[in-house]
Amino acid sequence: MVDYTFIRRDLIKRQTSIEGTIVLTAPLRIGSGKSSFDPASIARDPILRNANGEPVIPGSSWKGIFRSTGERILSSNKNIEVCSGVGRDHCLNKRRLYDRFQQSIVNDVNEAIEIFWKYTCLNCKLFGTMSVVGIVRFLDSIPITYSIGIRTMVAISRTEGAAASKALVQVEYVEPGSKFTFRLIGNNLPNYAIGYLLTIMNSIHSGMTQVGGHKSRGFGFVKFERLKFTDIGVKKVGDEDIEVKDMNGTEGDGDKFFEAMKPFMEAFNNAKIPYPEK
Ligand SMILES: [Zn+2]
């Protein structure tokens, strides 16, 4: 009998949270998608702001960054199958199991759980897939201190039926030194999945992964400060999980924190992840 606790939502045996502060070490650009390019005048390309008019890094942006960074880590380091989660490239979709899965949710929940366990990758389980919400939740990052900068750049716009045109655009960004909140929460996470999330965070912290737009211009480098790990409940989830000592309450700035949390990252490196099956 397989232990499905990791993907079960009807019981909570463990609640884990990693929270801290994000410090920008380069300009950060999360666009609002409301830019207009007008060749006759200098357009403004605003950043995304919340209802208070402050810059925000939405939880959905974090989810996308974690998923794509994780995809790179899984496929290169661990050599296990992982889907991109983009468009139709989802595990259940690729295996033509999506309709059967949907039917079994209504008719036979046990079958649904078995299909989801066997035929989805770690990213689908953690970050969600098609109709299934992910196990990990990212809160919106709101500013603690910030300032806004503007840089004039050349934008190339392409309107249908017309040749590409170049226009100057004033790009807004959040200045280096600005600080934001950060928090992720997960239920029933195995130690190796916690280690996987920490490995992704460490990749962001060490500059291997950039956040937001204009990466080629050197935007999007951030560091983690004042991190805190909260971990309530059982300390091992699932048959394939690897034991890690209780580390609830561990705190520290980026480098020290990731050093302290190494046992989880080792659990990730050593775990034999039994899914997805072919
Ligand atoms: Zn997948």
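All of these numbers come straight from a predicted model, not from anything done at the bench.

What follows deals with the overall build of the chain. What the chain contains, in helices and strands, is eight helices and 11 strands. Rg of the C-alpha trace for the chain: 21 Å, near the compact-globule value of 19 Å for 278 residues, within the 12% margin. For the chain, the spread of C-alpha atoms along the principal axes amounts to about 70 × 45 × 35 Å. By residue count, 47% of the 278 residues in the chain fall in the buried class. About 13,700 Å² of surface is accessible on the chain, with carbon and sulfur atoms providing 49% of the total.

Below, the discussion takes up the nonpolar core. Most often, soluble globular proteins keep nonpolar side chains buried together rather than apart. Counting residues in each nonpolar core, the largest one holds 69 residues, and the members touching the most others are Phe-6, Trp-62, Phe-66, Leu-122, Leu-126, Leu-198 and Met-201. In terms of residue count, helix H6 (residues 191-205) provides more of this core than any other element does, nine residues in total. The next biggest cluster of nonpolar side chains, apart from the first, holds seven residues, and it includes Ala-43, Met-153, Val-169 and Tyr-173.

Here we take up the coordination of the zinc ion. Here the zinc ion is held by the protein donor atoms Cys-83 (SG), Cys-91 (SG), Cys-121 (SG) and Cys-124 (SG), which lie 2.2 to 2.4 Å from it. Angles of 93 to 119° at the metal separate the four donor atoms of the zinc ion, which places the site in the tetrahedral class. Taken in sequence order, the residues that donate to the zinc ion follow the motif C-x7-C-x29-C-x2-C. Each member of the pair Cys-121 and Cys-124 is classed as buried.

What follows covers the packing of helix H3 (residues 98-107) against helix H4 (residues 109-119). At their nearest, the axes of H3 and H4 sit 6 Å apart, and the two run at 145° to each other. Between H3 and H4, the contacting residues are Arg-100, Phe-101, Ser-104, Ile-105 and Asn-107 on the first element and Val-109, Glu-111, Ala-112, Ile-115 and Phe-116 on the second. Considering only residue class, the contact of H3 with H4 consists of six nonpolar, two polar and two charged.

Counting across every chain of the model gives 14 salt bridges. A salt bridge links Lys-94 to Glu-81; its shortest N-O distance comes to 3.5 Å. On the criterion of sequence distance, the pair formed by Lys-94 in helix H2 (residues 91-94) and Glu-81 in the loop between helix H1 (59-78) and H2 is long-range, its members being 13 residues apart. What makes Lys-94 partly exposed here is its relative accessible area of 40%. In this structure, the salt-bridge partner of Lys-278 is Glu-81, at a minimum N-O distance of 3.4 Å. Of the two residues, Lys-278 is situated in the segment after helix H8 (262-270) and Glu-81 in the loop between H1 and H2; the sequence distance between them amounts to 197 residues. Note on Lys-278: relative accessible area 84%, which makes it exposed. Here the salt bridges do not stand alone but share partners, grouping Glu-81, Asp-89, Lys-94, Arg-95 and Lys-278 into one network.

A separate point is the pairing of strand E1 (residues 14-24). The buried fraction of E1 amounts to nine of the 11 residues, a majority that puts the element mostly inside the structure. For E1 and strand E10 (residues 222-233), the ladder comprises 10 bridges, and the chain directions are antiparallel. Note on E10: the bridge partner recorded for Thr-16 is Asp-231. Pairing of E1 with strand E9 (residues 179-187) involves nine bridges; the strand directions are antiparallel. What sits directly across from Gln-15, in E9, is Asn-187.

Turning our attention to H6. Here H6 is 15 residues long and its end C-alpha atoms lie 21 Å apart, about the 21 Å a rise of 1.5 Å per residue gives. Within H6, 14 of the 15 residues are buried, which leaves it mostly tucked inside the rest of the structure. Immediately downstream of H6, the backbone of Gly-207 shows phi near 85°, a positive value.

When we look at a pair of aromatic rings, we describe it by the centre distance and by the angle of the planes. Going through the model one piece at a time under the given rule, you end up with 14 aromatic pairs. Summarising the aromatic geometry, the rings of Trp-117 and Tyr-275 are spaced 5.0 Å apart at their centres and angled 70° between planes, so their arrangement reads as edge-to-face. Here the residue Trp-117 occupies a position in helix H4, and Tyr-275 occupies one in the segment after H8, the gap between them amounting to 158 residues. On the numbers, 6.3 Å between centres and 70° between planes, the contact of Phe-224 with Phe-258 is edge-to-face. Residue Phe-224 is found in strand E10, and its partner Phe-258 is found in helix H7 (residues 254-260); the two are separated by 34 residues along the sequence. Comparing Phe-224 with Phe-258 shows no difference in burial state: the two are buried. The rings of Trp-62, Phe-66, Phe-127, Phe-138, Phe-182, Phe-224, Phe-257 and Phe-258 are connected pair by pair, giving a single aromatic cluster.

With omega at -10°, the peptide bond leading from Tyr-275 into Pro-276 counts as cis. Unlike most non-glycine residues, Asn-188 shows phi in positive territory, near 55°. Look at Asn-188 and you get buried, because its relative accessible area is 0%. Even without a glycine there, the phi angle at Arg-226 is positive, about 45°. We classify Arg-226 as exposed; its relative accessible area is 64%.

Rules and cut-offs
Residues numbered from 1 in each chain as written. Predicted model: local features only at pLDDT ≥ 70, side-chain atom pairs only at ≥ 80, totals over all residues. Heavy atoms only, no water. Helix = DSSP H or I, 4+ residues; strand = E, 2+ residues; numbered from the N terminus. Rg over C-alpha atoms; globule rule 2.2 N^0.38 Å. Buried < 20%, exposed > 50% of the residue type's maximum accessible area, 1.4 Å probe, protein only. Areas by Shrake-Rupley, 256 points an atom, 1.4 Å probe, with all protein chains shown as cover. Core = buried A, V, L, I, M, F, W, Y, C linked by side-chain atoms within 4.5 Å. Donors = N, O, S within 2.8 Å, 3.2 Å for Na, K, Ca; no water. Tetrahedral: all angles 85-135°; square planar, octahedral: opposite > 155°, others 65-115°. Axes fitted to C-alpha atoms, helices over the stretch in contact; angles between N-to-C directions. Contact = heavy atoms within 4.5 Å. Nonpolar A, V, L, I, M, F, W, Y, C, P; charged D, E, K, R; others polar. Salt bridge = Lys/Arg side-chain N within 4 Å of Asp/Glu carboxyl O. Pairing = 2+ DSSP bridges. Expected span 1.5 Å × (residues − 1). Phe/Tyr/Trp six-rings, centres within 6.5 Å; stacked < 30°, edge-to-face > 60°.

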